[in-house]
Every structure is written in C-alpha cells, then in structure tokens.
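Summary of structural features
The primary structure of each chain is shown beneath.
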Amino acid sequence: MGQMMGQAGGPTDRIEGWKSIAGHLGRDRSTVIRWARERGLPVHALPGGKARSVYALAAELDAWMSGQGALADRPEPVPPPPAPPEPAAVEPGPVPAPVARCRWPWVAGVAALLLAGGVVGAGRWSATPATLDGAAHARFVAARDDVALRAAPRLRHAIATLGSLARDHPGNAPVQEALAEAWLLAREFGSAPDAQAFARARAAAAAARAIDPASAVADRVDAVAAYWWDRDPARAGRLFRRAIGHAPNDPLAHLWYANILADNGEDAAALREFDAARMLAPGAPWLLADYGWGLWSAGRTAEGEALLDTLAAQHPALSSVQDCLSVMALAQGDLPGYVRHLVERARLRDERELIAYGAALGRTLDRNDPDAVQAVMLSRAIAFAQNTDRPDHSWPAFVAAMAGDRGALLAILGDARARGERWGAAGFVRRIRTRFAGDTTVSRALDALAQDRIEPA
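What you see is a predicted model, and the numbers here were worked out from it, not measured in a lab. (Residues numbered from 1 in each chain as written. Predicted model: local features only at pLDDT ≥ 70, side-chain atom pairs only at ≥ 80, totals over all residues. Heavy atoms only, no water.)

**Brief notes about the overall build of the protein chain**
Heads up, the rule is: Helix and strand assignments follow DSSP, with helices taken as H or I runs no shorter than four residues and strands as E runs no shorter than two, numbered in order from the N terminus. Only protein chains enter the accessibility calculation, which uses a 1.4 Å probe. A residue is then buried if its area is under 20% of the maximum for its type, exposed if over 50%, and partly exposed in between. For the accessible areas, the method is Shrake-Rupley and the probe is 1.4 Å, while residue cover comes only from the protein chains on display.
A tally of regular secondary structure across the protein chain gives 22 helices and three strands. In the protein chain, which comprises 457 residues, the share counted as buried stands at 56%. A total accessible area of about 18400 Å² is found for the protein chain, and carbon and sulfur atoms account for 56% of it.

In structure tokens form, the structure reads like this:
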C-alpha cells in the first residue's frame, strides 16, 4: 500500500477526528467508526466529555490497512434477540463430578465435535424429527466436520452451509444449534468480530429454542454470550446450570462453564467442571487447551505452561494453544516468545491485520528496542479497548503491568472504573497483583473492578 499522508503531511502525523481519519483512509465516516468498533482500527480517544474526541496516527492506520487486504464492507451485525426467560423452577444443583484435584475472552469457545476420538454425550443435541432429506443430511454432517476442524476457512464454509440449511429447513433444531456453535467458534478460531459472532449465535440459539424449549445447546450458547458480551456472570451461571441439568453428559456444557468460572477466579468450582468435562471427553486437545489456561489463571503456572507446550508440539494447528502461550510468554517478560506465538496464532486464524502487526513488532524487536515494542503494544491495546461497545481494559492493564509502567496502569484502572467496567480476567489480575505486590493503590483499584460471582457463595 502506498504511503498515505496525515494532515500535516507526514506519515506519522496525528490525525484529529473521525472525518479526517475517514478522509485519510478514503472511506466514509460511518464505515471507519464501524472498523474501529469491530476490527480494531487503531483510533485513540481522549478522556472527558460525553462526545469523545478521537485521533489516530497515520503510521498506525497505514500498518493496519496493509494487513487488511481488500476490505469488503460487511453489513452491520443483526442485533441480538431478547434474552430468553429464566427458568421458573428451582435450578438444579451442580452435576456430580469427580473430586476436583485442586481463555481470555478469546479461549471461551471450543468446537462442538471431538478431535481426539471422544464420544459426544447423550442428550446433547435436540431430538427433533429428522426433517432433512439425504442430500441435506450429508451437507449437515460435512458441515459439522468442518466445525470440528476449527480452521478459519472451514468455519466460514460451515457457517455458509449451515445458514443455507437453516433457511431451507427452519424447523430443524440441530441445524440451528450447530449454526449457533459455529458462530461462537468463528470468533475464537476465525476472525469474526464479537459483535457479529454473538449476534448471529444468539439468533440461531433463539431459533433452536423456539423449536425445542429444552435445548441445552441454546442455553450454553446464550450463557457464553451472557458472560463475555453482556458481562452478566450471575445470569450466565444460571443458564449453564440449566444446560447441565438438561444434558448432564454434554462435555461442552461443563467445559464452557469451567471457562467462565476460571476467568472469574472461582478456581475450585472451575476445576470441578473441568474434571467433569475431562471425564466425558478424555484426551480431547481443545478441552486440554482450555484446562491449561484454567490452571494458569488459577496460579498453577508451571502446570498450565507444561500442558500447553505439550499440546503445541502434538497439535500445532490448534490456534487457541498459541493464543494462550503468547500471553504466558508476556507474563514471563519474554517479548520474542510473545511475538512468535502471536504471529503463529494469526497465521492459523488467517488474521491478516494481526499478521502485519506481529511482523511490525518483530522488526522493532530486531532493533533491540523492547521499550518501543511495549509502547506499541500498549497503544494498540488501549485503542482496541476504547473502540468497542463493550469496553474492557483488562488486557491493556495487563500489558502495562508486565511492562512495569505503574503510571499507565493506574490511569487505565481509573479509566475502566470511570466507564463502569467490571472484570473477571483472573489470570491477568493475579499477575498484576503479583507484579505490584504491596502496592495498596493498585490493589484497591483492582478490588473496585471485581465483578459479581457466578455461583452463589
């Protein structure tokens, strides 16, 4: 892409306001705002006032555009349907599980089918009448295979196939359930933005529930959205417990529940659900990846890292492993390791902007300038957090803390508090507290951001 010029004529100039940013990129204002919200266009917001003043740096915009390739405009995401009603009956208690032996918004989703030869639990899919003819059934089975492989191109193909089947066979609940799961996976193993993925997943889950009110798949899909998108941990817990009550042998219901419990720092309950999932799908690599992240989040760092290193060697195409290892490397102060795993994750998920960003970080590392690398990382992390409908500054706070930048950390924590944010992010919070052990100002700021429990105390 040719060099573009900012308002003052230089490639690194500051560009003020949405209109000027849009002019720099040659797009209309609404498209640029949407790119910032959905695709991480690096736009920075100045604090204060209801109407945020924004600016961008020409060099950052150009690097972002160079990683996008041809940007076909997508329609705005369909708004999520109204939340399903809560169960009126008394919620079932925890499903009996083996005694506990003691993601990341982006590790929450896992595939619906097993890669390691496990057996899908009974009662998992809705038992609606078989309304698919032979050809449609064959397409459905092939689409589920595509979902199970978790590769970005296969997920796109699966979503297209399942969407077509859902339109042609609107009364088939398993098709709608599979489509809902595919959309959740597309945000984890593909490049679908959260706003689009959650909206489409919820729409498919609502369609499945309209056919089968007891759909456990619909409940756990909505539970994932309730936690990661709505930031409503208590409701997410109720939905997960209902899903497990309807399908106690569904490994994904236990695993996805374990993921949010681990993120919220409810370690004993998380390990209970991880054990239940592992009993139902032993050896499944996608499950073990989430378990490794759960161990790391709970402070069992060496165990989590060892498990994920083993998975990386045995299952090199599993992008969630690279995702976890990149964060773990950063926590250890290993910037080259962070960049290496980040680039590999981006390659596996076909995230072109992230590939370009990783390459830029690599070039900065080659100049032996770690401070510059950390500055770029923090600037990008803050830009992502500021330009979303659901702000969450836990990642920029973690980046600032790992860089040892107390001033930036306190500013981020204060901004998050002013925006009304509430966090889980137990793995990040635990490392921030360790990095600034004894710092009561940091500790109190983190306490003020803690969100409600998922399970009753």
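Having seen the structure, we can now continue with the description.
**With respect to the pattern of salt bridges**
Formally: We define a salt bridge as a contact between a side-chain nitrogen of Lys or Arg and a carboxyl oxygen of Asp or Glu at a distance within 4 Å.
A complete count under the given rule lists 25 salt bridges for this structure. Between D452 and R422 there is a salt bridge whose closest N-O contact spans 3.7 Å. Taken together, the residues D452 in the segment after α22 (440-448) and R422 in the loop between α20 (406-418) and α21 (426-435) connect sequence positions 30 residues apart. Judged by its relative accessible area of 48%, D452 falls in the partly exposed class. Across the pair D447 and R433 runs a salt bridge, and its minimum N-O distance is 2.7 Å. Placement of the pair is D447 in helix α22 and R433 in helix α21, with a sequence separation of 14 residues. Looking at D447, the relative accessible area reads 44%, which means it is partly exposed. For R433, a relative accessible area of 31% puts it in the partly exposed group. When salt bridges with common partners are traced through the structure, they connect R209, D219, D222 and R242 into a single cluster.

**A short note on the confidence of the model for the protein chain**
Selection criterion: Scored between 0 and 100, pLDDT is the confidence that the predictor attaches to each residue. Contacts: residue pairs with any heavy atoms within 4.5 Å of one another.
Put simply, the protein chain has an average pLDDT of 81, and 79% of its residues get 70 or more. Across the protein chain, the element-wise mean pLDDT spans from 35 in helix α4 (residues 104-107) up to 98 in α21. Counted against residues more than four places away or in other chains, residues 87-124, with its pLDDT under 50, gives 109 contacts.

**Focus on the nonpolar core**
When a protein is soluble and globular, its nonpolar side chains tend to lie buried together. For clarity, the cut-off: Side-chain atoms within 4.5 Å are what join buried Ala, Val, Leu, Ile, Met, Phe, Trp, Tyr and Cys residues into a set we call a nonpolar core.
Of all hydrophobic cores here, the largest spans 112 residues; its most connected members are L162, L330, Y338, M377, W395 and L409. Counting residues per element, this core draws most heavily on helix α7 (residues 173-189), at ten residues. With residues up to four places along the chain from it excluded, the contact list for M377 reads L330, L335, Y338, Y357, L361 and V399. Core analysis: the second largest hydrophobic core is formed by 15 residues, I15, A22, W35 and V54 among them.

**Some thoughts on the side chain of R220**
To be explicit about the condition: N or O atoms closer than or at 3.5 Å make up a polar contact, with two conditions inside protein: a donor-capable atom paired with an acceptor-capable one, and, for residues adjacent in sequence, both atoms drawn from side chains.
Locating R220 in the fold gives a position in helix α9 (residues 216-228). Owing to a relative accessible area of 0%, R220 belongs among the buried residues under this scheme. One polar contact links R220 to E181, side chain to side chain, over a distance of 2.3 Å.

**Describing the packing of aromatic side chains**
Going by this rule: Side-chain rings of Phe, Tyr and Trp (the six-membered ring for Trp) are treated as a pair once their centres are within 6.5 Å; stacked means planes under 30 degrees apart, edge-to-face means over 60, and tilted covers the remaining angles. In our convention, an over-ring charge means Lys NZ or Arg CZ found within 6 Å of a ring centre and within 35 degrees of that ring's normal.
Tallying each qualifying case throughout the model produces nine aromatic pairs. Ring centres of F240 and Y257 lie 5.4 Å apart, and the angle between their planes is 25°; this geometry places the pair in the stacked category. A residue pair is termed long-range when its members are at least 10 positions apart, and F240 in helix α10 (residues 233-246) and Y257 in helix α11 (residues 251-263) qualify at 17 residues. Of the two residues, F240 and Y257, neither departs from the other in class, the shared state being buried. Among the aromatic side chains, those forming a connected cluster through ring pairs are Y338, W395, F398 and F428. Stacked on the ring of W296, the Lys or Arg R431 has its end atom at 3.7 Å from the ring centre.

**With respect to the environment of R422**
Note on R422: relative accessible area 37%, which makes it partly exposed. Taking the C-alpha atoms as reference points, R422 and R231, separated by 191 residues in sequence, lie 7.7 Å from one another. Contacts of R422, omitting those with residues within four sequence positions, involve A448, L449, A450, Q451 and D452.

**Focus on unusual backbone geometry**
Positioned with a positive phi, N368 is a non-glycine residue whose angle comes to about 55°. If you trace the backbone, N368 turns up in the loop between α17 (352-366) and α18 (370-386). Even without glycine at this site, A425 takes up a positive phi of about 45°. For A425, the location among the structural elements is in the loop between α20 and α21.

**Quick notes on the packing of helix α14 (residues 301-314) against helix α15 (residues 319-331)**
The packing of two helices is summarised by the inter-axis angle and the distance between the axes. Under the convention used in this document: To get an axis, a line is fitted to the C-alpha atoms, and for a helix only the part in contact is used. The angle between two axes follows their N-to-C directions and goes from 0 to 180 degrees. The labels follow the angle: roughly parallel below 35 degrees, roughly antiparallel above 145, roughly perpendicular from 65 to 115, and oblique for the rest. Crossings are assigned a handedness: left-handed for a near helix turned anticlockwise from the far helix by less than a right angle, right-handed for a clockwise turn. Gly is put with the polar residues, along with every residue not named as nonpolar or charged; the nonpolar set is Ala, Val, Leu, Ile, Met, Phe, Trp, Tyr, Cys and Pro, and the charged set is Asp, Glu, Lys and Arg.
Packing of α14 against α15 leaves a shortest axis separation of 10 Å and a crossing angle of 140°. By the angle class used here, α14 and α15 are oblique. In the packing of α14 onto α15, the handedness of the crossing is left-handed. Between α14, through G304, E305, L308, D309, L311 and A312, and α15, the contact on the second element is made entirely by V321, Q322, C324, L325 and M328. Class assignment for the residues of the contact of α14 with α15 results in seven nonpolar, two polar and two charged.

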